Amino acid sequence: MPVHGAKGKGTAYSTAVRTAGTWSLRLLVVRVEGADAPIVLINEDHVPIPNAAIGI
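Here the structure is a predicted model, which means the values were calculated and not measured.

Draft legend 1. Structural context of the sheet that holds strand β4 (residues 39-43). One open sheet accounts for five strands, arranged β1-β2-β3-β4-β5; its pairing is mixed. Edge positions in the open sheet fall to β1 (2-5) and β5 (53-54), since each of these has one partner strand only.

Draft legend 2. Region of the structure containing the pattern of salt bridges. This structure, assessed with the given rule, holds one salt bridge. Across the pair Asp-45 and Arg-26 runs a salt bridge, and its minimum N-O distance is 2.5 Å. Of the two residues, Asp-45 sits in the loop between β4 and β5 while Arg-26 sits in strand β3 (residues 22-32), which places them 19 residues apart along the sequence. For Asp-45, a relative accessible area of 44% translates into the label partly exposed. Residue class for Arg-26 comes out partly exposed when judged on its relative accessible area of 23%.

Draft legend 3. Spotlight on the pairing of β3. In this sheet, β3 lies alongside strand β2 (residues 8-19) in antiparallel orientation, the contact comprising 10 bridges. From the neighbouring strand, Thr-15 faces β3, where its bridge partner is Leu-27. Connecting the antiparallel pair β2 and β3 is a turn made up of two residues, with Ala-20 showing a positive phi of about 50 degrees. Between β3 and β4, which pair antiparallel and follow one another directly, the connecting turn spans six residues, one of which, Gly-34, has a positive phi of 90 degrees.

Draft legend 4. Structural detail: the environment of Asn-51. Positionally, Asn-51 belongs in the loop between β4 and β5. Distance from Asn-51 to Pro-38, taken between C-alpha atoms, is 7.2 Å for residues 13 residues apart in sequence.

Draft legend 5. Geometry of the pairing of β1. Here β1 runs beside β2; their pairing, made up of four bridges, is antiparallel. Considered in β2, the bridge of Gly-5 is made with Gly-8. Between β1 and the antiparallel strand that follows it, β2, lie two residues.

About the cut-offs
Residues numbered from 1 in each chain as written. Predicted model: local features only at pLDDT ≥ 70, side-chain atom pairs only at ≥ 80, totals over all residues. Heavy atoms only, no water. Pairing = 2+ DSSP bridges. Helix = DSSP H or I, 4+ residues; strand = E, 2+ residues; numbered from the N terminus. Salt bridge = Lys/Arg side-chain N within 4 Å of Asp/Glu carboxyl O. Buried < 20%, exposed > 50% of the residue type's maximum accessible area, 1.4 Å probe, protein only.

See the structure below:
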């Protein structure tokens with residue numbers, strides 16, 4: 001999904017799982033245009049993401 005803000009724009013990638021009707025966000029990564037490393041905001045399954053910067 002495209003994202004944008006005051007400092008630039010990029011794309012957010014996510015993985016979610018629904019269990020018993022409840023959604024759980026498992027992975028949320030943002031790749032900012034012009035940046036070398038993606039920003040990992042959520043990585044519950046510890047998926048290896050090369051060159052990733054850890055976010056919040």
